[in-house]
Amino acid sequence: MKPTWFLVAYTVRNTVSGFHLCLHELFHRFSIFVFAGILLCACGSIKPTLSGTVSSPQDTSENPEYNYSFAEATKLKLLGNSVKAIPFFFRCISLKPQNAASY
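Because the structure is predicted, anything quoted here is derived from the model rather than measured.

> Explain helix α2 (residues 64-78) to me, please; I cannot follow it from the model alone.
An α-helix turns once every 3.6 residues. As a result, residues three or four positions apart point the same way. With 15 residues, α2 ought to run about 21 Å at 1.5 Å a step, and its terminal C-alpha atoms sit 21 Å apart, in line with that. Within α2, burial applies to Y66, S69, E72, A73 and L76. One face of α2 carries all of its buried residues, which in axial projection span an arc of 140 degrees. Away from its buried face, by an angle of more than 90 degrees, α2 presents the exposed residues P64, Y68 and L78. Packing partners of the buried residues in α2 comprise α3 (82-95).

> I tried to follow the packing of aromatic side chains on my own but got confused; where do I start?
Each aromatic ring pair is summarised here by two numbers: the centre-to-centre distance and the angle between the ring planes. Evaluation of the coordinates by the stated rule reveals three aromatic pairs. Taking the centre distance of 6.5 Å and the plane angle of 80 degrees together, the rings of Y68 and F88 count as edge-to-face. A residue pair is termed long-range when its members are at least 10 positions apart, and Y68 in helix α2 and F88 in helix α3 qualify at 20 residues. Each ring, one from F70 and one from F89, has its centre 6.4 Å from the other, and the planes form 75 degrees; the classification is edge-to-face. Of the two residues, F70 is situated in helix α2 and F89 in helix α3; the sequence distance between them amounts to 19 residues. You can call F70 partly exposed: its relative accessible area is 26%. An aromatic cluster of at least three residues, connected via ring pairs, comprises Y66, F70 and F89.

> I tried to follow the packing of α2 against α3 on my own but got confused; where do I start?
The relative placement of two packed helices comes down to the angle between their axes together with the axis-to-axis distance. At a closest axis distance of 8 Å, the pairing of α2 and α3 adopts a crossing angle of 155 degrees. Comparing the axis directions of α2 and α3 gives the class roughly antiparallel. Between α2 and α3 lies a crossing of left-handed hand. Residues E65, Y66, Y68, S69, F70, E72, A73, T74, L76 and K77 of α2 lie in contact with α3, whose contacting residues are S82, K84, A85, F88, F89, R91, C92 and L95. Residue classes in the contact of α2 with α3 are distributed as 10 nonpolar, three polar and five charged.

Conventions we followed
Residues numbered from 1 in each chain as written. Predicted model: local features only at pLDDT ≥ 70, side-chain atom pairs only at ≥ 80, totals over all residues. Heavy atoms only, no water. Helix = DSSP H or I, 4+ residues; strand = E, 2+ residues; numbered from the N terminus. Expected span 1.5 Å × (residues − 1). Buried < 20%, exposed > 50% of the residue type's maximum accessible area, 1.4 Å probe, protein only. Arc of directions from axis to C-beta. Contact = heavy atoms within 4.5 Å. Phe/Tyr/Trp six-rings, centres within 6.5 Å; stacked < 30°, edge-to-face > 60°. Axes fitted to C-alpha atoms, helices over the stretch in contact; angles between N-to-C directions. Parallel < 35°, antiparallel > 145°, perpendicular 65-115°, else oblique. Left-handed = near helix turned anticlockwise from the far one by under 90°. Nonpolar A, V, L, I, M, F, W, Y, C, P; charged D, E, K, R; others polar.

Put into structure tokens, the structure is as follows:
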């Protein structure tokens, strides 16, 4: 038969170890909850601009002339014809000066 001091030490060690595992699991679950909350808040909404209206960078569908000029300018630039693309980019800037992609 084992001495009683061994049983007491074994019981205390397992209780502390179990308590440590419980805290570790709580911390892990809390971390996942906090990460999910941050992720949901970060992807939540569109923020208004300085003018008070909401705009997105892709909001160019109402102006087909701008769409054509920007597509041609981008195509020419990607093909290596930067000089030919400049007038198209200037046309884009004159149509929509707030769109940074044309600059």
